[in-house]
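# Architecture at a glance
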Amino acid sequence: MSSHIPVLLNEALDILNIKRGNIYVDGTLGGGGFSGEILKRLSPGGFLIGIDRDYSAVENARSALERKFDNKNFKLIHSNFSKIDEVVKAEGFTGIDGVVLDLGISSIQLEDGRGFSFNENGSGSSGGLDMRMDKENGLTAYDIINGFPEKTIADIIWKFGDEKFSRRIAKRIIGYRKNKPVETSLELADIIRGAVYKGYGKFKKFKTDPATKTFMALRIFVNKEYDSLTEFLEKLRNVLNKGGIAVIISFHSGEDRIVKHFLRNNLDFKPVNKKPIVPGEEEIKINPRSRSAKLRAFYHV
Ligand SMILES: C[S@@+](CC[C@H](N)C(=O)[O-])C[C@H]1O[C@@H](n2cnc3c(N)ncnc32)[C@H](O)[C@@H]1O
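None of the values given here were measured: they were computed from a predicted structure.

A word on the overall build of the protein. Looking only at helices and strands, the protein features 14 helices and seven strands. In terms of overall size, the protein behaves like a compact globule, its C-alpha atoms giving a radius of gyration of 20 Å where 301 residues would be expected to give roughly 19 Å. Projected onto the principal axes, the alpha-carbon positions of the protein cover approximately 60 × 40 × 35 Å. Looking at the protein residue by residue over its 301 residues, the buried ones come to 43%. Contacts in the protein between residues far apart in sequence, at least 24 positions, make up 70% of those at least 6 positions apart.

Encoded structure:
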């Protein structure tokens, strides 16, 4: 299993401008890359709260960070960043000085058999086609693909994936599941490729896999990712101290649009940069996942 390479890490740290005695939140702990860098810059008076909705991510990050840092300086919590106000209050703070969200999933999750990836296999609703970041949360991708009506599946793929072949893909899924349920991520990816490419089977080489957008749409829908981000932004004014900075790194246009609109309609927050920061060619070469990243930072006026 490969470890997660954080995207736009230096740019985020420059903007956060960590002050040794301040209070910070990493709302997307993941492999602990951002949290580790924040902790390096804190002194005993400072504090970091790390949040992840994936219990295994919290436990992995805990063992990595406890090896390097004094645990009096941080607390890691299994929760959703949409509950940032409750989490901060429960830790006894009235406000924080900075927060970072590095959205989406980590490379660790991509490879852990929950069906996030279309290049791996696995079966059953709890193993293969699952896609829940938090295993305690409701519907799985299996439930949607094997239980939802054709139109609803097509709408999900269209709305959250910007996939122009959404109707064709949904139709294929329904045709397939008349004979047997779609059990694995590999099976689903093949159904999608067949729906998009008539010649699929003969020409298996793609620059971007035709399953990419559908998989992303399912993940966003299963995890209610837009709702979490919207709720987080609505709560920020009550939790981020005046002058405090928020950094949000998004990986597709739907997420970035939510942040952009929020900034346009909220006079309590001012952007640090007019335009979003994007990775340079060098970073994209080393870490192709960074290709679609956009960083927006803003402070509480
Ligand atoms: C891209 S990874 C973060 C990687 C991390 N910055 C690092 O340096 O290793 C995103 C992480 O955020 C978590 N996550 C996504 N949405 C979340 C939410 N609404 N609340 C809490 N955690 C979330 C995922 O479970 C995943 O572990």
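To continue, consider helix H9 (residues 166–177). If you check H9, its first and last C-alpha atoms are 17 Å apart, about what 12 residues at 1.5 Å a residue would give, namely 16 Å. Of the residues making up H9, those classed as buried are Ser166, Ile169, Ala170 and Ile173. Across the axial projection of H9, the buried residues extend over an arc of 100°, all falling on one side. Turning to H9, the residues buried within the fold contact helix H7 (141–147), helix H8 (150–161), helix H10 (185–196) and helix H11 (212–222).

So, on to the site of the ligand. In the vicinity of the ligand, 24 residues are found, and the nearest of them are Thr28, Gly30, Gly31, Gly33 and Ser228. Sorting the residues of the shell around the ligand by element identifies helix H2 (33–40) and strand E2 (47–52) as the ones contributing at least two each. For the shell around the ligand, the class distribution of residues is seven nonpolar, 13 polar and four charged.

By the criterion of burial, H11 is predominantly enclosed, with 10 of the 11 residues buried. Listing the buried residues of H11 in full gives Lys213, Thr214, Phe215, Met216, Ala217, Leu218, Arg219, Ile220, Phe221 and Val222. At its buried positions, H11 is contacted by H7, H8, H9, H10 and helix H12 (225–239). Lys224 sits one or two positions beyond H11 and adopts a positive phi of about 45°.

Moving on: the domain arrangement of the protein. Under the domain assignment used here, the protein contains domain 1 (9–108 + 225–300) and domain 2 (138–222). Computed over C-alpha atoms only, the centres of domain 1 and domain 2 are separated by 31 Å. For the side of domain 1 that touches domain 2, the class distribution of residues is two nonpolar, two polar and one charged.

It is at 8 Å that the axes of H8 and H11 come closest, and there the two elements cross at 95°. On the basis of their axis angle, the class for H8 and H11 is roughly perpendicular. Residue-level contacts link Ile156, Ile157, Phe160 and Gly161 of H8 to Lys213, Thr214, Met216, Ala217, Ile220 and Phe221 of H11. The residue makeup of the contact of H8 with H11, split by class, is seven nonpolar, two polar and one charged.

With that settled, the discussion passes to the environment of Arg289. Assignment of secondary structure puts Arg289 in the loop between helix H14 (281–286) and strand E7 (294–300). A residue is classified by how many C-beta atoms lie within 10 Å of it, and Arg289, with 18 of them, is partly exposed.

All right, on to the environment of Arg172 then. Turning to its location among the elements, Arg172 is positioned in helix H9. The sequence separation of Arg172 and Leu110 amounts to 62 residues, and the corresponding C-alpha distance is 25 Å. The contact partners of Arg172, leaving out residues within four places of it in the chain, are Ile191, Gly194 and Ala195.

Moving on to the sheet that holds strand E3 (residues 74–78). The strand order E3-E2-E1-E4-E5-E7-E6 describes an open sheet built from seven strands, whose pairing is mixed. The outermost strands of the open sheet, each flanked by one partner alone, are E3 and strand E6 (269–271). On average, adjacent strands in this sheet sit at an angle of 20° to one another, irrespective of strand direction. By the bridge criterion, six bridges tie strand E4 (residues 96–102) to strand E5 (residues 240–250) in an arrangement that is parallel. When the bridges of E5 are listed, Val99 appears paired with Ala246. Each of E4, E5 and E7 touches helix H1 (residues 9–16); the most contacted strand, E5, lies at about 170° to it.

Here we come to the nonpolar core. Where a protein is soluble and globular, its nonpolar side chains tend to be buried together. Ranked by internal contacts, the top residues of the largest apolar core, which has 46 residues, are Ala12, Ala246, Val247 and Ile249. Looking at this core element by element, the count peaks at six residues for E5. Other than its neighbours up to four places away in sequence, Val247 contacts Ala12, Ile15, Leu16, Val100, Leu295 and Ala297. Grouped together as the second largest cluster of nonpolar side chains are 32 residues, Ile105, Phe160, Ile191 and Phe215 included.

Reading the values: the criteria
Along each chain, residue indices are assigned from 1 in the same order as the chain's sequence is written. Predicted model: local features are reported for residues with pLDDT of at least 70 only, side-chain atom pairs are reported and counted for 80 or more only, and whole-chain, interface and lining totals are derived from all residues. The helix and strand labels rest on DSSP assignments: H or I over at least four residues marks a helix, E over at least two residues marks a strand, and numbering proceeds from the N terminus. Each radius of gyration reported is based on C-alpha atoms, and the globular scaling rule is 2.2 Å times the count of residues to the power 0.38. Exposure in this text rests on C-beta crowding, where 20 or more other C-beta atoms within 10 Å of a residue's own make it buried, 12 or fewer make it exposed, and counts in between make it partly exposed. The C-beta atoms are placed from the backbone. Two residues qualify as a contact pair if the distance between their C-beta atoms, derived from the backbone, is within 7 Å. A helix's residues, less one, multiplied by 1.5 Å, set its expected span. Directions drawn from the helix axis to the C-beta atoms are what define this arc. For each residue, a C-beta position is placed from the backbone atoms; the residue is near a molecule or strand when that point lies within 6 Å of it. Classification convention: Asp, Glu, Lys, Arg as charged; Ala, Val, Leu, Ile, Met, Phe, Trp, Tyr, Cys, Pro as nonpolar; all other residues, Gly among them, as polar. The domain limits used here are those given by an automatic or database domain assignment. Lines fitted to the C-alpha atoms define the axes, with helices restricted to the stretch that makes contact. Angles between their N-to-C directions range from 0 to 180 degrees. Angle categories: roughly parallel below 35 degrees, roughly antiparallel above 145, roughly perpendicular from 65 to 115, and oblique for all the rest. At least two bridges found by DSSP between two strands are what make those strands a pair. Think of a nonpolar core as buried Ala, Val, Leu, Ile, Met, Phe, Trp, Tyr and Cys residues chained together by C-beta atoms that fall within 7 Å.

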